Amino acid sequence: MADWSNPAPHPIIYVRGYAMTRGEIDATTADPFCGFNIGSTVFRAGPDRQKPPRKFMFESPVLRLAKDYGYGDVFLDGEDLTELPPGSVGIRRRSVIVHRYYDPASTLLGTSDTPSIDTFAVKLSELIERVRDLAESGEDKVPHDAFRCYLVAHSMGGLVCRTFLQNPYGDPRGVRKHVDKFFTYATPHNGIDLAGVNIPSWLTANDIRNFNRDYMARYLAIDPAQFKKTRRVDWIPEGALPSRKIFCLVGTNRMDYEPAMGLSRAFAGHGSDGLVRIENAIVCSADGDATANPTAKAFVYRSHSGYFGIVNSEEAYQNLVRFLFGEVRVDIWLDIETLSLPKAVRDEAQGKKVDALYQVEVLAAPRGKLWYLTRRVAEEDSVACLRHEDFVANPANGKLHLSTAFLSSRFKTDPADPSLSYIVTVGVRVPDYEVDGALWIKHHYEGSYLFHDSVLVSVTPPSDGRGWSAKYDWQTDTVHEPSTPLPVEAGPGGSSILRIALPPRPENVTPAVEGHLRLVVSLWNDDQPG
């Protein structure tokens, strides 16, 4: 056996989303990649659907993984190698495998009876075991104990993966330990709400109850006490998979989601991708301090599926490959320290209760690209929100985890430059103020910004015995290279912290916000050389 190290990349196992009708099940069965091979030629640069989309060629995740990273499929002479007896063939570690869990439910290859989601999870356990054995027989000769794989899932596929990961009965083969990372596109981690109501448990037709929280709590094996207390099911124990190994990509474009002649997006409402609400699309650590160990998340202006769908998009692909293969992780926080009310509101209040909803926007991207790694803006209902009343009651509520970005030297314009640069745009705005529960109408703020600016950040990872170094500059007046040195603090878990103060407003100008943009940076994949 050849000498073995455990480098990335590993096999990618794609788990597709929910198919509602018999026709949809047959369509996915007839597709060898179950949609992971679908590309797109259109890109919405903004939320205005009246403007034509920009022509933008995205060839599909499968093709881009093949072109950029040398991945291939596992099909040979019409056969799916993962269905052949172990030992007879082998596969490369750079392989894309599709969990074809709907085959038994189709009229083409199955009996037309749809198995339960628990069964889908068990079949995933069996598939991972087969892939492990095939990788050991392949040209890379990956030993059992060294084998790792990535789970990449769309929509309900993420729930299939979670059932496998966190329900002991979902992994009869004991292969959960082989999962290195878990990436979800638009997964309803906390179920689906339509018209503000969770899908009822009695709605068993077409397995729609899979998105009912009471039913989800059972098949996801959610701790009963935690579910009773929170009535949420977006919890995953650290023992199932460390939360830092999970990435949740959230869609924010509901208007381009067309199923049911637009009824789905109408009932899903604002703040959704047309089917899954934003607040339901992120999974959280069931234990530990989530502020120190957050699940990675990013937001893209994409719908749940369709021509403008989240899977077949450049933004999603860039987040996926950076998460799987990147070298630096950056968690973007906004620490709000002071919120100043307008003088007229303070004068009017005279001891009365004042409330307002602060909307926090963030956009992060490599320089010179049409797409964003993350995009949270008010017009797309994807902002992070903070109530004035909650901040006054506990200023710790002003510490907001906005998003996560992964950086890779592979995409640098200057390979000789050791630093990695990106631009972050931050905005804080408030539409209105309430005094004693009544709208304060003497002045209407209509999305008035307390702060809005972009900062260019350049970070250099540790090397040659030296630690992190960083530079930054706000881009208010001109776009230029960052030149201001940025102090580096020690952070939790071996991370480092960069704090960038928000530029102050002119003296005595209110309303105003004071605080810091906090970037928690850490090496990524540093335990997997090669």
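Now for a look at the structure at hand.

Analysis parameters
Residues numbered from 1 in each chain as written. Predicted model: local features only at pLDDT ≥ 70, side-chain atom pairs only at ≥ 80, totals over all residues. Heavy atoms only, no water. Helix = DSSP H or I, 4+ residues; strand = E, 2+ residues; numbered from the N terminus. Rg over C-alpha atoms; globule rule 2.2 N^0.38 Å. Buried < 20%, exposed > 50% of the residue type's maximum accessible area, 1.4 Å probe, protein only. Contact = heavy atoms within 4.5 Å. Areas by Shrake-Rupley, 256 points an atom, 1.4 Å probe, with all protein chains shown as cover. Lys, Arg positive; Asp, Glu negative; His and termini not counted. Charge placed at Lys NZ, Arg CZ, Asp CG, Glu CD. Axes fitted to C-alpha atoms, helices over the stretch in contact; angles between N-to-C directions. Parallel < 35°, antiparallel > 145°, perpendicular 65-115°, else oblique. Left-handed = near helix turned anticlockwise from the far one by under 90°. Nonpolar A, V, L, I, M, F, W, Y, C, P; charged D, E, K, R; others polar. Pairing = 2+ DSSP bridges. Arc of directions from axis to C-beta. Core = buried A, V, L, I, M, F, W, Y, C linked by side-chain atoms within 4.5 Å. Phe/Tyr/Trp six-rings, centres within 6.5 Å; stacked < 30°, edge-to-face > 60°. Lys NZ or Arg CZ within 6 Å of the ring centre and 35° of its normal.

**Some details on the overall build of the protein chain**
Helix and strand content of the protein chain: 10 helices and 28 strands. Relative to its length of 530 residues, the protein chain is compact, with a C-alpha radius of gyration of 24 Å against a globular reference of 24 Å. Taken along its principal axes, the extent of the C-alpha atoms in the protein chain is 80 × 60 × 50 Å. By residue count, 55% of the 530 residues in the protein chain fall in the buried class. The contacts of the protein chain with a sequence gap of at least 6 include a subset with a gap of at least 24, amounting to 70%. When the accessible surface of the protein chain is split by element, carbon and sulfur atoms take 53% of a total near 22,600 Å². Averaging the positions of the 58 positive and the 67 negative side-chain charges in the protein chain gives two centres separated by 1 Å.

**Quick word on the packing of helix H2 (residues 61–69) against helix H8 (residues 314–325)**
Between two packed helices, what matters for the description is the angle formed by their axes and the separation of those axes. For the pair H2 and H8, interaxial distance at closest approach is 11 Å and the crossing angle is 45 degrees. Relative to H8, the element H2 lies oblique. As for the relative orientation of H2 and H8, their crossing is right-handed in sense. In this structure, H2 contributes Pro61, Arg64, Leu65, Asp68 and Tyr69 to the contact, and H8 contributes Glu314, Tyr317, Gln318, Val321 and Phe325. Residue composition of the contact of H2 with H8, by class: six nonpolar, one polar and three charged.

**Thoughts on unusual backbone geometry**
One non-glycine residue, Ser60, adopts positive backbone phi at about 125 degrees. Residue placement: Ser60 occurs in the loop between strand E3 (54–58) and H2. One non-glycine residue, Ala186, adopts positive backbone phi at about 50 degrees. Inspection of the secondary structure assignment puts Ala186 in the loop between strand E8 (179–185) and strand E9 (193–194). With a relative accessible area of 0%, Ala186 lands in the buried category.

**Re the environment of Val459**
Within the fold, Val459 resides in strand E23 (residues 448–460). Separated by 284 residues in the primary sequence, Val459 and Val175 place their C-alpha atoms 37 Å from one another. Residues contacting Val459, with those up to four places away along its chain left out, are Leu407, Pro418, Ser419, Leu420, Ser469, Ala470 and Leu498.

**A short note on the sheet that holds strand E14 (residues 296–300)**
In space, the six strands of this open sheet follow the order E6-E1-E7-E8-E12-E14, with parallel pairing throughout. With one partner strand each, in any of the chains shown, strand E6 (96–98) and E14 form the two edges of the open sheet. Between one strand and the next, the sheet's axes are offset by a mean angle of 20 degrees, whatever the strand orientation. Here strand E1 (residues 12–15) pairs with strand E7 (residues 149–154) via four bridges, running parallel. Looking at E7, one finds that Ile12 is bridged to Tyr150. The sheet contacts of H8 involve E1, E7, E8, strand E12 (246–251) and E14, and relative to E8 the element is tilted by about 165 degrees.

**A word on the sheet that holds strand E27 (residues 496–501)**
Taking strand neighbours across the sheet as the criterion, the five strands line up as E19-E15-E28-E27-E26 in an open arrangement whose pairing is antiparallel. Either end of the sheet is taken by a strand with one partner, and the two such strands are strand E19 (399–407) and strand E26 (489–490). Sheet topology places E26 next to E27; two bridges connect them, and they run antiparallel. Across the sheet, the residue bridging to Ala490 is Ser496, located in E27.

**Some thoughts on helix H4 (residues 156–166)**
Of all 11 residues making up H4, 11 are buried, and the element is well covered by its neighbours. Listed as buried for H4 are Met156, Gly157, Gly158, Leu159, Val160, Cys161, Arg162, Thr163, Phe164, Leu165 and Gln166. Along its buried surface, H4 packs onto E1, helix H3 (117–137), E7, E8, helix H5 (213–219) and strand E11 (235–236).

**A few points about the environment of Val430**
By secondary structure assignment, the location of Val430 is in strand E20 (residues 420–430). With 120 residues separating them in the primary sequence, Val430 and Ile310 have C-alpha atoms 29 Å apart.

**Notes on the pairing of E12**
Put simply, side chains in a regular strand alternate between the two faces of the sheet. Along E12, six of the six residues are buried, which leaves the element largely enclosed by surrounding structure. The side-chain alternation of E12 yields two buried faces, one formed by Ile246, Cys248 and Val250 and the other by Phe247, Leu249 and Gly251. With four bridges joining them, E8 and E12 adopt parallel strand pairing. In the strand pairing of E12, Thr184 is matched with Cys248.

**Overview of helix H1 (residues 22–29)**
Looking only at H1, the buried set comprises Ile25, Asp26, Thr28 and Thr29. Buried residues of H1 fall within an arc of 165 degrees about the axis and therefore sit on the same side.

**Comments concerning the nonpolar core**
Membership of the largest hydrophobic core comes to 62 residues, with the highest contact counts inside it found for Ile13, Tyr102, Ile128, Leu151, Met156 and Phe164. When residues of this core are traced back to their parent elements, those giving at least two are E1, H3, E7, H4, E8, H5, E11 and E12. Among the elements that make up this core, the one with the highest residue count is H3 (nine residues). Apart from the residues within four sequence positions on either side, Phe164 is in contact with Ala121, Leu124, Ser125, Ile128, Leu151, Gly170, Asp171, Val175, Arg176 and Val179. Grouped together as the second largest cluster of nonpolar side chains are 47 residues, Ala384, Leu407, Tyr433 and Leu502 included.

**Remarks on the packing of aromatic side chains**
For any pair of aromatic rings, geometry is given as the distance between the ring centres together with the angle between the planes. For the structure shown, the criterion picks out 21 aromatic pairs. With a centroid separation of 5.9 Å and 50 degrees between ring planes, the pair formed by Phe58 and Tyr317 is classed as tilted. Taken together, the residues Phe58 in strand E3 and Tyr317 in helix H8 connect sequence positions 259 residues apart. Residue Tyr317 is classed as buried on the basis of its relative accessible area, which comes to 1%. Between Tyr101 and Phe120, the aromatic rings sit 4.4 Å apart at their centres with planes inclined by 45 degrees, giving tilted as the arrangement. Of the two residues, Tyr101 sits in the loop between E6 and H3 while Phe120 sits in helix H3, which places them 19 residues apart along the sequence. Phe120 shares its class with Tyr101; the two are buried. Ring-pair connections join several aromatic residues into one group, and the members of that group are Phe183, Tyr185, Phe247, Phe323, Phe406 and Trp524. Across the ring face of Phe299, the terminal group of Arg376 is positioned such that the distance to the ring centre comes to 3.9 Å. Positioned over the ring face of Trp333 is Arg518, at 4.6 Å from the centre of the ring.

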